[in-house]
Amino acid sequence: MLVKEVIAIIEEFAPPAYAEDFDNVGLLVGNINAKVTGALITLDSLESVVDEAIDKNCNLIISFHPIIFSGIKKLTGKDYVQKTIIKAIKNDIAIYAIHTALDNQYKGVNDMICEKIGLKNRQILIPRKNSIKKLTTFVPNQQAAEVRNALFDAGGGSVGNYDHCSFNVKGEGSFKPNEEANPVIGSRGNLHLEEETQIGVTYPAHLESTLITALFKSHPYEEVAYEINTIDNKNQHLGMGMIGELENPESPTSFLKRIKNQFNCGCIRHSDFGDTQIKKVAVLGGSGSFAINEAKGAGADIYLTADLKYHDFYKGDKNFILADIGHYESEQFTKDLLHSYLTKKISNFALILAETNTNPIKYI
């Protein structure tokens, strides 16, 4: 397979359109037309990870975090970022980063955390806005089924656990072809009335071009009438963080000791326990201080995340605990998630989990 073919499979799982605006996802280093000899899956791209890729004959690194985050004006090898990039280029190794495109997926980073903890009744903590669109078009009754099915095949009409969803209204359309027209129905210079079906389907925003292509290929008219609107509805299957429930309540001490063991945390910093029993748990892998209010507002008894600052812990109270389990620790199982997904899709070459521990934080 070529690098670009592997990328297409990755982006079916986590479309880059849903990465956060501040992020830098996609192919960061390398040639999209290179043949893949093997892929190394890692949380971070470092010089040591490139060395591991070389040793294991992998010319593609699939990384969660992007090695290039802010602009680079020089490549002189003065820091770890530049050293990594230079070594990858010298050895013809491509680097792809997925980051918040996967953070925002329902079956992504935070679902993996919930799975490890054993949470049920999971929901997105901060549903994504402006990610659902609606296409409305008008088709002669006889061709309505053909056009509708083409839109379904392109990914339109999928709502949560349902697909082939549409709303259809029969009515009468009118049009008058001019002398330059080549009408399929009606004739030039004459007003024509046609019994038509109005078809409406919702779709995820990243599929818009695919849906429009399907519409134009299947629609019989020379000029296709259609409307596109962005819907204000929150996307319940896309967004940051997740919240769920434990099967049985646990004391804060028992719960956090279990988390420390499961996630191999060097330490867990937390706010005062108060009188809280843990039943409802909110999680957000990586830096999650921005979602404290959402976690509290959703009724979480505890919020597990990372990179909390001193003053963040004041936002906890006797009914709401904040716990910082570590950035690396909260996201460490992400590479297992990627490996599991890709091994189901690709059998052409080796997909290898990186053994290099890229956690920069050590504990005494």
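The coordinates are above.
Residues numbered from 1 in each chain as written. Predicted model: local features only at pLDDT ≥ 70, side-chain atom pairs only at ≥ 80, totals over all residues. Heavy atoms only, no water.

## Examining the pattern of salt bridges
1) Next: One pass over the full model with this rule turns up 12 salt bridges.
2) Next: In this structure, the salt-bridge partner of Glu 20 is Arg 128, at a minimum N-O distance of 3.1 Å. Separated by 108 residues along the polypeptide, Glu 20 in the loop between α1 (3-13) and β1 (26-29) and Arg 128 in strand β5 (residues 120-128) bring together distant segments of the chain.
3) Next: With relative accessibility at 24%, the residue Glu 20 sits in the partly exposed group.
4) Next: Residue classification places Arg 128 among the buried positions, given a relative accessible area of 17%.
5) Next: In this structure, a network of salt bridges that share partners links the residues Glu 47, Asp 51 and Lys 87. (Salt bridge = Lys/Arg side-chain N within 4 Å of Asp/Glu carboxyl O. Helix = DSSP H or I, 4+ residues; strand = E, 2+ residues; numbered from the N terminus. Buried < 20%, exposed > 50% of the residue type's maximum accessible area, 1.4 Å probe, protein only.)

## What to know about unusual backbone geometry
1) Next: Unusually for a residue other than glycine, Asn 130 sits at a positive phi of about 55 degrees.
2) Next: With respect to the secondary-structure elements, Asn 130 resides in the loop between β5 and β6 (132-140).
3) Next: Here the phi dihedral of Asp 307 falls at roughly 60 degrees; this positive angle occurs in a residue that is not glycine.
4) Next: As for its position among the elements, Asp 307 is in the loop between β13 (302-306) and β14 (321-324).
5) Next: Take Asp 307: its relative accessible area is 35%, and that puts it in the partly exposed class.

## Focus on the pairing of strand β3 (residues 60-63)
1) Next: Residues Leu 60 and Ile 62 line one face of β3 and the alternating positions Ile 61 and Ser 63 line the opposite face, and both faces are buried.
2) Next: After leaving strand β2 (residues 38-42), the chain enters helix α2 (residues 47-55) and then returns to the sheet as β3, a path that is right-handed.
3) Next: Note: β3 against strand β4 (residues 94-97), 4 bridges, orientation parallel. Within β4, the position partnered with Ser 63 by the bridge is Ala 97.
4) Next: Regarding topology, helix α3 (residues 80-90) serves as the crossover connection from β3 to the parallel β4, and that connection is right-handed. (Right-handed = clockwise from strand over helix to strand, strands pointing away. Pairing = 2+ DSSP bridges.)

## Here's the deal with the nonpolar core
1) Next: In terms of nonpolar packing, the biggest core is built from 53 residues, with Ile 117, Phe 255 and Leu 304 touching the most fellow members.
2) Next: What Leu 304 contacts, discounting residues up to four positions off in sequence, is Ile 117, Phe 255, Leu 256, Ile 259, Val 281, Ala 282, Val 283, Leu 284, Ala 323 and Ile 325. (Core = buried A, V, L, I, M, F, W, Y, C linked by side-chain atoms within 4.5 Å. Contact = heavy atoms within 4.5 Å.)

## A look at the packing of α1 against helix α11 (residues 334-345)
1) Next: Where α1 contacts α11, the two axes come as close as 11 Å, and the packing angle between them is 120 degrees. Taken as axis vectors, α1 and α11 run oblique relative to one another. The hand of the α1/α11 crossing is right-handed. Of α11, the residues touching α1 (which contributes Ile 9, Ile 10, Glu 12 and Phe 13) are Leu 337, Leu 338, Tyr 341, Leu 342 and Lys 345. (Axes fitted to C-alpha atoms, helices over the stretch in contact; angles between N-to-C directions. Parallel < 35°, antiparallel > 145°, perpendicular 65-115°, else oblique. Left-handed = near helix turned anticlockwise from the far one by under 90°.)

## A closer look at the packing of aromatic side chains
1) Next: As enumerated under the stated definition, the model contains 6 aromatic pairs in all.
2) Next: Judged by centre distance (5.5 Å) and plane angle (65 degrees), the ring pair of Phe 175 and Tyr 221 falls under edge-to-face. Taken together, the residues span a long stretch of sequence, with Phe 175 in strand β7 (residues 167-175) and Tyr 221 in the loop between α7 (208-218) and β9 (226-231) at a distance of 46 residues.
3) Next: A relative accessible area of 24% means that Phe 175 is categorised as partly exposed.
4) Next: Geometrically, the ring pair formed by Phe 263 and Phe 333 is edge-to-face, given 5.4 Å between the ring centres and 75 degrees between the ring planes. Note that Phe 263 is positioned in the loop between α8 (252-262) and β11 (269-270) and Phe 333 in the loop between α10 (327-331) and α11, a separation of 70 residues in sequence. (Phe/Tyr/Trp six-rings, centres within 6.5 Å; stacked < 30°, edge-to-face > 60°.)

## Description of the sheet that holds β3
1) Next: Sheet architecture is open: 5 strands sit in the order β1-β4-β3-β2-β15, paired in mixed fashion. Either end of the sheet is taken by a strand with one partner, and the two such strands are β1 and β15 (350-353). Averaged over neighbouring strand pairs, the angle between their axes works out to 25 degrees when direction is ignored.
2) Next: Lying over the sheet, α11 contacts β2, β3 and β15, oriented at roughly 165 degrees with respect to β15.

## Considerations on the sheet that holds β11
1) Next: Here we have 6 strands laid out as an open sheet, ordered β5-β10-β12-β13-β14-β11, and mixed in their pairing. Either end of the sheet is taken by a strand with one partner, and the two such strands are β5 and β11.
2) Next: The pairing of β11 with β14 spans 2 bridges and is antiparallel. From the neighbouring strand, Arg 269 faces β14, where its bridge partner is Asp 324.
3) Next: Contacts from α8 reach β10 (235-250), β11, β12 (278-287), β13 and β14 within the one sheet, and its direction differs from that of β10 by about 120 degrees.

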